[in-house]
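Results of the structural survey
The chain contents come next:
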Amino acid sequence: MTLALCLDKSRTKEILSYHKIPNAEFWTVESMDELDGDLKLPAIIKPMYEGSSKGIRDKSVVYTMNDCRAVIEEVLSQYRQPVIVERFLPGREFTVGVLGSYPELEILPIVE
């Protein structure tokens, strides 16, 4: 259930926001017609329903609206799913895996 939920990035971010857990501002785009000037840059553009960094490349972080449009169009075409555009937050990224079901959990080591 957790994996299914987390693969929908916008739903995950909505739940995090509901519980007042800070996360980057985001927008979803299903077609180029929906793209407007409200996006804040820099941003990172990802396929909505992929995991393990699938669909993220060096050019996924955009600094101009022209680059933003080009990457969104490419991801929409290649992955045939909505795109999530998030404010880019620079810094290190960490993952903590959890195995099992509550109350029997095994917390794995932190990975950068």
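Residues numbered from 1 in each chain as written. Predicted model: local features only at pLDDT ≥ 70, side-chain atom pairs only at ≥ 80, totals over all residues. Heavy atoms only, no water.

1. Brief notes about the pattern of salt bridges
One pass over the full model with this rule turns up seven salt bridges. With a closest N to O distance of 2.2 Å, Arg-11 and Glu-14 form a salt bridge. Of this pair, Arg-11 and Glu-14 both sit in helix α2 (residues 9-18), three residues apart, which is roughly one turn of that helix. Residues Lys-13 and Glu-86 are paired through a salt bridge, measuring 2.9 Å at the closest nitrogen-oxygen approach. In this pair, Lys-13 is assigned in helix α2 and Glu-86 in strand β4 (residues 83-87), connecting sequence segments 73 residues apart. As far as the burial class goes, Lys-13 and Glu-86 line up, both buried. Salt bridges linked by common partners bring Lys-13, Lys-46 and Glu-86 together as one network. (Salt bridge = Lys/Arg side-chain N within 4 Å of Asp/Glu carboxyl O. Helix = DSSP H or I, 4+ residues; strand = E, 2+ residues; numbered from the N terminus. Buried < 20%, exposed > 50% of the residue type's maximum accessible area, 1.4 Å probe, protein only.)

2. Some details on the sheet that holds strand β3 (residues 61-62)
The strands that make up a sheet pair up through hydrogen bonds in the backbone, lying either parallel or antiparallel. The strand order across the open sheet built from four strands is β1-β4-β2-β3, with neighbouring strands paired in antiparallel fashion. In this open sheet, the two strands that pair with only one neighbour each are β1 (26-29) and β3. Sheet contacts for helix α3 (residues 65-79): β1, β2 (43-47), β3 and β4; angle to β2, the most-contacted strand, approximately 10°. (Pairing = 2+ DSSP bridges. Contact = heavy atoms within 4.5 Å. Axes fitted to C-alpha atoms, helices over the stretch in contact; angles between N-to-C directions.)

Without other data, these values stay purely geometric and don't point to any function.
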